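Each chain, letter by letter, is given below.
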Amino acid sequence: MKHRIVLALVVVVLVTFSILFRASAIPSIPAVASETSSTSLRALAQKRGINIGAAVDFAPLQNDPDYRAVLTREFDIMVPENAWKFEYVHPTRGHYDFTQVDALMAFAKANNLKMRGHPLAWHHLIPPWVTKGNFTRDEWIAILREHIETLVGRYRGQVYIWDVVNEAINRDGSLRDTIWLRNIGPEYIDLAYRWTHEADPQALLFYCDYATEELGQKSDAVYDLVRGMLQRGVPLNGVGFQAHLGLSYAPKLKSLAKNFKRFGELGLEVQFTELDVKVQDGVGSWDSRLVEQGKVYAGLLKTCLEAQTCTAFTTWGFTDRYTWIGDLTGLGEAPLIFDKSYRPKPAYDAIKDVLQTE
Ligand code: 9MR
């Protein structure tokens, strides 16, 4: 009997602790004492008629005050790097977890940042209940539709741009063999845009891909895809050029400008959406590589400003302290515009120079 009472007490204590622990684990992001400066990147970019954004990782935003301070001082768009991805937000059938996205959305609003939604139909990070499921075509359509309508509907009127379909094209221009293509067919693309637009008519809808900056097989295929969509009356507002680059493979600016021009002539906005520039593949001293990196950033920004239809310049993170790019050589990778201690790098100065030069 005595044992039972002790056991019951232990259970009560454990349950109480687990409830308390869960409550304290609900993410909230501390406020930022807003610091405005007429020479911040966001102020300078706005003067030039564009926005400047960064991908945001949840953990540092929650835990690192310097991360929050630099983000809100310098940028006016944020895009959750991972929090909206299928596996995280919709891990099991019928169950959505919006805890992180809700906190990010509240942070964006409180700090006057536009929110980019990313991504709705993508081939990565799809949970096993979807990938291992045995569904009919109608069920596949219903799954993607419900996923899109739930995510987009929840934040109706609050998202500036949705990256609706992401990376649907291979390097050779063919359609990527994704779970959506295999089970629904190529129509999944048009459908995804139509459902997104119905769920939030105010949001701008983008198609995004990488290795599409220059004219070539892949960018031609993106061009054909979006032109076809427009001809079919599919709601589409812009094309995102991710621009995951390295010093040895930065796009030729003339080719980039021509590419931007043809998309602009279709009536679409263009943006850099995930820019970063690796330096490990470069040559010369570390310092000289950082200067070269600054030139790449500056060239892209200049091309954006010169293209009437380029509306934003978004980097994939902003500090080398947190980047998705692994350290391949042991030298450390440094693809972004602030170093690991949040000091502005030559790339930051180069961007600022371009923004300040009419
Ligand atoms: O930066 C993201 C990284 O943290 C994730 O592990 C990875 C897989 O979800 O996705 C990275 O972001 C990708 C983006 O969502 C789409 N374009 C390519 C990006 C880099 O892989």
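Residues numbered from 1 in each chain as written. Predicted model: local features only at pLDDT ≥ 70, side-chain atom pairs only at ≥ 80, totals over all residues. Heavy atoms only, no water.

Peer 1: Got a sec to walk through the overall build of the chain? Specific residues and values, please.
Peer 2: The helix and strand inventory of the chain stands at 14 helices and nine strands. At 22 Å, the chain has a C-alpha radius of gyration in line with the 21 Å of a compact globule built from 358 residues. Judged by the C-alpha coordinates and their principal axes, the chain covers about 85 × 50 × 40 Å. Sorting the 358 residues of the chain into buried and exposed places 53% on the buried side. For the chain, the exposed area adds up to about 16,500 Å²; of that, 54% sits on carbon and sulfur atoms. (Helix = DSSP H or I, 4+ residues; strand = E, 2+ residues; numbered from the N terminus. Rg over C-alpha atoms; globule rule 2.2 N^0.38 Å. Buried < 20%, exposed > 50% of the residue type's maximum accessible area, 1.4 Å probe, protein only. Areas by Shrake-Rupley, 256 points an atom, 1.4 Å probe, with all protein chains shown as cover.)

Peer 1: Run through the environment of Gly-317, naming residues and quoting values.
Peer 2: Take Gly-317: it is sitting in the loop between strand E9 (310-315) and helix H14 (346-356). Discounting residues that sit within four places of it in the chain, Gly-317 has contacts with Ala-54, Ala-55 and Leu-336. (Contact = heavy atoms within 4.5 Å.)

Peer 1: Give a detailed account of the packing of helix H12 (residues 253-265) against helix H13 (residues 286-306), specifying residues and quantitative values.
Peer 2: At a minimum axis distance of 10 Å, the contact between H12 and H13 shows a crossing angle of 30°. As judged from the angle between their axes, H12 and H13 are roughly parallel. Here the hand of the crossing between H12 and H13 comes out right-handed. Between H12 and H13, the residues in contact are Leu-253, Leu-256, Ala-257 and Phe-260 and Gly-299, Leu-300, Thr-303 and Cys-304, respectively. (Axes fitted to C-alpha atoms, helices over the stretch in contact; angles between N-to-C directions. Parallel < 35°, antiparallel > 145°, perpendicular 65-115°, else oblique. Left-handed = near helix turned anticlockwise from the far one by under 90°.)

Peer 1: An account of the packing of aromatic side chains is requested, with residue identities and associated values reported.
Peer 2: Inspection of the entire model under this criterion finds 18 aromatic pairs. Measuring from ring centre to ring centre gives 6.4 Å for Phe-318 and Phe-338, while their planes differ by 90°; the resulting arrangement is edge-to-face. Pair noted here: Phe-318 is in the loop between E9 and H14 and Phe-338 is in the loop between E9 and H14, with a separation of 20 residues, a long-range link. The same class applies to Phe-318 as to Phe-338, namely buried. Ring-pair connections join several aromatic residues into one group, and the members of that group are Tyr-67, Phe-75, Phe-318, Tyr-322, Phe-338 and Tyr-348. Above the ring of Tyr-160, the side-chain terminus of Lys-114 is found at 4.5 Å from the ring centroid. Its end group placed over the ring of Tyr-223, Arg-262 keeps NZ or CZ at 4.9 Å from the ring centre. (Phe/Tyr/Trp six-rings, centres within 6.5 Å; stacked < 30°, edge-to-face > 60°. Lys NZ or Arg CZ within 6 Å of the ring centre and 35° of its normal.)

Peer 1: Account for H14, with residues named and values stated.
Peer 2: Along H14, the residues that are buried comprise Ala-347, Tyr-348, Ala-350, Ile-351, Lys-352, Val-354 and Leu-355. The inward-facing, buried residues of H14 contact helix H2 (41-47), helix H4 (65-74), H13 and E9.

Peer 1: Pulling in residues and values, what's your account of the pattern of salt bridges?
Peer 2: With the rule as written, the count across this model stands at 16 salt bridges. With a closest N to O distance of 3.1 Å, Arg-182 and Asp-177 form a salt bridge. The two residues Arg-182 and Asp-177 agree in class, both being exposed. Between Asp-339 and Arg-343 there is a salt bridge, and its shortest N-O distance comes to 2.9 Å. Relative accessible area serves as the criterion here: at 16%, Asp-339 is assigned to the buried category. The structure contains a network of salt bridges with shared partners spanning Arg-145, Glu-149 and Glu-198. (Salt bridge = Lys/Arg side-chain N within 4 Å of Asp/Glu carboxyl O.)

Peer 1: Talk me through the site of the ligand; I want residue IDs and the actual numbers.
Peer 2: The immediate surroundings of the ligand are formed by 13 residues, with Glu-81, Lys-85, His-118, Glu-167 and Glu-274 found nearest. Interatomic distance of 2.7 Å between a side-chain N/O atom of Lys-85 and an oxygen atom of the ligand. (Near = heavy atom within 4 Å. Polar contact = N/O pair within 3.5 Å; in protein donor to acceptor, adjacent residues only side chain to side chain.)

Peer 1: Before we move on, could you go through the state of the cysteines and cite the residues and values that matter?
Peer 2: Considering all chains together, one arrives at one disulfide under this definition. Between Cys-304 and Cys-310 runs a disulfide, and the two sulfur atoms are separated by 2.0 Å. Handedness here is read from the sign of the S-S torsion; for Cys-304 and Cys-310, about -90°, the answer is left-handed. The exposure classification of Cys-304 matches that of Cys-310, with both residues buried. (Disulfide = S-S within 2.5 Å.)

Peer 1: How would you sum up the confidence of the model for the chain? Please name residues and give values.
Peer 2: Regions with low pLDDT should not have their predicted coordinates read in detail. Summarising the model, the chain shows a mean pLDDT of 93, and 92% of its residues fall at 70 or more. Taken as a whole, residues 14-26 scores under 50 in pLDDT and shows one contact with residues more than four places along the chain or in a different chain. (pLDDT = per-residue confidence, 0-100.)

Peer 1: So what's going on with the side chain of Arg-262? Which residues, and what values?
Peer 2: Here Arg-262 shows up in helix H12. A polar atom in the side chain of Arg-262 sits 3.0 Å from the side chain of Asn-259. Beyond its immediate sequence surroundings of up to four residues, Arg-262 is in contact with Leu-215, Ser-219, Asp-220 and Tyr-223.

Peer 1: Go over the pairing of strand E2 (residues 77-80), please, and point to the residues and values.
Peer 2: A two-sided burial pattern is seen for E2, the buried positions comprising Ile-77 and Val-79 on one face and Met-78 and Pro-80 on the other. Summarising the sheet, strand E1 (residues 51-56) and E2 pair through four bridges and their orientation is parallel. By the bridge assignment for E2, Gly-53 is matched with Ile-77. (Pairing = 2+ DSSP bridges.)

Peer 1: Residues and numbers for the pairing of E1, please.
Peer 2: Most of E1 is tucked away: six of the six residues are buried. Side chains Asn-51, Gly-53 and Ala-55 project from E1 onto one buried face, and the interleaved Ile-52, Ala-54 and Val-56 project onto a second face that is buried too. Across four bridges, the pairing between E1 and E9 is parallel. Across the sheet, residue Ile-52 finds its bridge partner in E9, namely Phe-313.

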